[in-house]
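Observations on the model geometry
Listed below, chain by chain, are the residues.
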Amino acid sequence: MATPSRMQLARRRLKVARYSIGAVALSAFAAFGLVVRDAHPATHSTATTAVAPSTTNNDSSTFFGGSASISPAPQTVAPQTQSSGS
Amino acid sequence: MNGFRSMGCDVLLPDGAPLDGVHALFDARDRRFSRFHDSSELNSVNANPRGAALVSEEFASMLSLALDAARATGGLVTPAVGGALIAAGYDRDFPRLPLDGVAVEPARVPFFQSLTLRGVALLRTEPVILDLNGVVKGQTVDDALELLGHGWVSAGGDIATTVPLVVGLPGGDTITLERGGLATSSVTKRAWRRGGVRQHHLIDPETGLPSCSPWSEVTVAAQSCYVADVAAKAALLLGRAGPSWLDRRRLAGRFVDHDGRVTVSERWLQAVPAGQAA
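In every chain, residue numbers begin from 1 and rise along the written sequence. Here the convention is simple: chains get letters from A, ligands get numbers from 1, in the order in which they are written. With the structure being a predicted model, the display of local features is reserved for residues of pLDDT at least 70 and the display and counting of side-chain atom pairs for 80 or more, all residues being used for whole-chain, interface and lining totals.

1. Points about the overall build of chain A
- Secondary structure is summarised from DSSP: a helix means a run of H or I of at least four residues, a strand means a run of E of at least two, and numbering begins at the N terminus for each. Helix and strand content of chain A: two helices and two strands.
- Put simply, chain A runs from its N terminus to its C terminus through helices and strands in the order α-α-β-β.
- Evaluated residue by residue, chain A yields a buried proportion of 22% over its 86 residues. Note on burial: count the other C-beta atoms lying within 10 Å of the residue's C-beta; 20 or more is buried, 12 or fewer is exposed, in between is partly exposed, and C-beta positions come from the backbone.

What follows is the structure in structure tokens.
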């Protein structure tokens, strides 16, 4: 059997390299597609993270939950702290 | 007074309250969420502002709260304002900000719906520079109080308490916050000029420019400091519609205009009748 020429060997190496690159690219594309699909809101009932203590809905009355209790301050007591904005 | 400085403001606790854990919490949040620490996770995420990114669980939790705030306020208080803040000139820590500079152009604020969070996977369908300042401080005050278990925490106008606390308000009034959160949003403190025009850090998402609200300071009482802070920002950005917007959400709010005149929401008036604020 004739020994493959250096040119034939080079073509074979090139073919293997092309298949390898194609396989890696296909895997990367599939992985990216899965991440994007998983992140898309249409694939889930909510779009919020499972690790967060969030309200996960659009009902602003639920979010705000009503006022804190406030009352007039005694005239003789100096403020203990200030709410003056930042 | 018992306290320390972090997140660009004074953090105060009752006399005798242990500082170490609270101080560590504030500093850790500042390192992770500040736009002004080169190594912060926020800056790392913003370095590639489009496409998919994996973030830490703590980052995901805070961003999730920011997205909740955006939904609850119809996009008024949004984490997508980072680009507009930078365009307005707020591109470095406030003490290092030049007092004036070249005129600014408005930067479009992306819709918060451009951001999708699933677990720790973040997807941005258009370039978004995040700024979580709208929620980080208020939530950290709440978390610090939970760490203490009892008492109160105050950080640059944001307060959470489990005990009755006498609080000074813009313009000199005082009230007692029995329990919960109180926050004041202000355009008077962090202000600078570009092209001779006054700028501040509360961006109107519709214009991409600092808000032209008639209010200079808005104070809101809510069940938590995080919610009070979000509501105060939204009410300020809403302008004249702010008081009724708070009333529809059963929140007490106090508004100070640029001439120092005070307006209160119905809820505030019921709790602190006119003339009874000290």
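From this point on, the discussion continues.
2. Quick look at the confidence of the model for chain A
Residue and element names in this part refer to chain A.
- Looking at chain A, the pLDDT average stands at 69 and 58% of residues meet or exceed 70.
- Residue-level confidence of the predictor, termed pLDDT, takes values from 0 up to 100. Between the elements of chain A, mean pLDDT differs from a low of 70, seen in helix 1 (residues 6–39), to a high of 93, seen in strand 1 (residues 69–72).
- Contact between two residues is assigned when their C-beta atoms, built from the backbone, lie within 7 Å. Overall, residues 40–58 carries pLDDT values under 50, and its contacts beyond four positions in sequence, including any with other chains, amount to 37 contacts.

3. Things to note about the environment of Thr 176 of chain B
- One can find Thr 176 of chain B in strand 9 (residues 174–186).
- Owing to 21 C-beta atoms within 10 Å, Thr 176 of chain B belongs among the buried residues under this scheme.
- Measuring from C-alpha to C-alpha, the distance between Thr 176 of chain B and Leu 165 of chain B comes to 5.3 Å, with eleven residues separating the pair along the chain.
- In this structure Thr 176 of chain B touches Ile 70, Ser 71, Pro 72 and Ala 73 of chain A together with Pro 164, Leu 165 and Val 166 of chain B, once residues within four positions along its chain are discounted.

4. Describing the nonpolar core
- Membership of the largest hydrophobic core comes to 92 residues, with the highest contact counts inside it found for Val 220, Ala 228, Ala 231 and Ala 235 of chain B.
- The greatest single-element share of this core, amounting to eleven residues, is contributed by helix 6 (residues 225–237) of chain B.
- In contact with Ala 231 of chain B, not counting residues within four places along its chain, are Phe 64 of chain A together with Val 220, Ala 222, Leu 246 and Leu 251 of chain B. For this analysis, nonpolar core means a set of buried Ala, Val, Leu, Ile, Met, Phe, Trp, Tyr and Cys residues linked through C-beta atoms within 7 Å.

5. With respect to the pairing of strand 8 (residues 165–168) of chain B
- Along strand 8 of chain B, the buried face is formed by Leu 165 and Val 167 of chain B; none of Val 166 and Gly 168 of chain B, which line the opposite face, is buried.
- Pairing between two strands is assigned when DSSP locates at least 2 bridges connecting them. Where strand 2 (residues 81–82) of chain A and strand 8 of chain B come together, two bridges link them in parallel fashion. Among the inter-strand pairings, Thr 81 of chain A is bridged to a residue of strand 8 of chain B, identified as Val 167 of chain B.
- Two strands pair when backbone bridges link them, and strand 8 of chain B and strand 9 of chain B are joined in this way by four bridges, in the antiparallel orientation. Within strand 9 of chain B, the position partnered with Val 166 of chain B by the bridge is Thr 176 of chain B.
- Counted between consecutive antiparallel strands, the loop separating strand 8 of chain B from strand 9 of chain B contains five residues, among which Gly 171 of chain B sits at a positive phi close to 95°.

6. Quick notes on the packing of helix 1 (residues 20–33) of chain B against helix 5 (residues 133–148) of chain B
Residue and element names in this part refer to chain B.
- Between N-to-C directions, angles cover 0 to 180 degrees, with each direction set by a line fitted to C-alpha atoms, over the stretch in contact for helices. With their axes 10 Å apart at the nearest point, helix 1 and helix 5 run at an angle of 155° to one another. With respect to each other, helix 1 and helix 5 are oriented roughly antiparallel. Like other packed secondary-structure pairs, helix 1 and helix 5 cross with a definite hand, here right-handed. For the pair helix 1 and helix 5, contact is made by Gly 21, Val 22, Leu 25, Phe 26, Arg 29 and Phe 33 and by Val 136, Thr 140, Asp 143, Ala 144, Leu 147 and Leu 148, respectively.
- Taken together, the residues of the contact of helix 1 with helix 5 sort by class into eight nonpolar, two polar and two charged. When describing relative orientation, an angle under 35 degrees is termed roughly parallel and one over 145 degrees roughly antiparallel, while 65 to 115 degrees is termed roughly perpendicular and anything else oblique. By the definition used in this description, the sense in which the near helix is turned from the far one sets the handedness, with an anticlockwise turn below a right angle giving left-handed and a clockwise turn giving right-handed. Gly counts as polar in this scheme, as do all residues outside two lists: the nonpolar Ala, Val, Leu, Ile, Met, Phe, Trp, Tyr, Cys and Pro, and the charged Asp, Glu, Lys and Arg.

7. Points about helix 1 of chain B
All names here are of chain B.
- Given the number of residues in a helix, its expected span is that number minus one, multiplied by 1.5 Å. Taking 1.5 Å per residue, 14 residues should reach 20 Å; helix 1 reaches 20 Å between its end C-alpha atoms and fits that length.
- Restricting attention to buried positions, one finds in helix 1 the residues Val 22, Phe 26, Arg 29 and Phe 33. Down the axis of helix 1, the buried side of the element spans an arc of 65°, and every buried residue falls inside it. Exposed residues on helix 1 whose side chains face more than 90 degrees from its buried face are Asp 20, Gly 21 and Ala 24.
- Here the buried face of helix 1 lies against strand 1 (2–6), strand 2 (9–13), helix 2 (41–47), helix 3 (57–72), helix 5 and strand 6 (152–155). By arc we mean the arc of the directions from the helix axis to the C-beta atoms, nothing more.

8. Section: the packing of helix 3 of chain B against helix 5 of chain B
All names here are of chain B.
- Two elements in contact, helix 3 and helix 5, have axes whose closest approach is 9 Å; the angle formed by their N-to-C orientations is 115°. Between helix 3 and helix 5, the crossing angle belongs to the class labelled roughly perpendicular. Relative to helix 5, helix 3 is oriented so that their crossing is right-handed. Here helix 3 contributes Met 62, Leu 65, Ala 66 and Ala 69 to the contact with helix 5, which in turn contributes Gly 134, Val 135, Val 136 and Gln 139.
- For the contact of helix 3 with helix 5, the residue count by class is six nonpolar, two polar and no charged.

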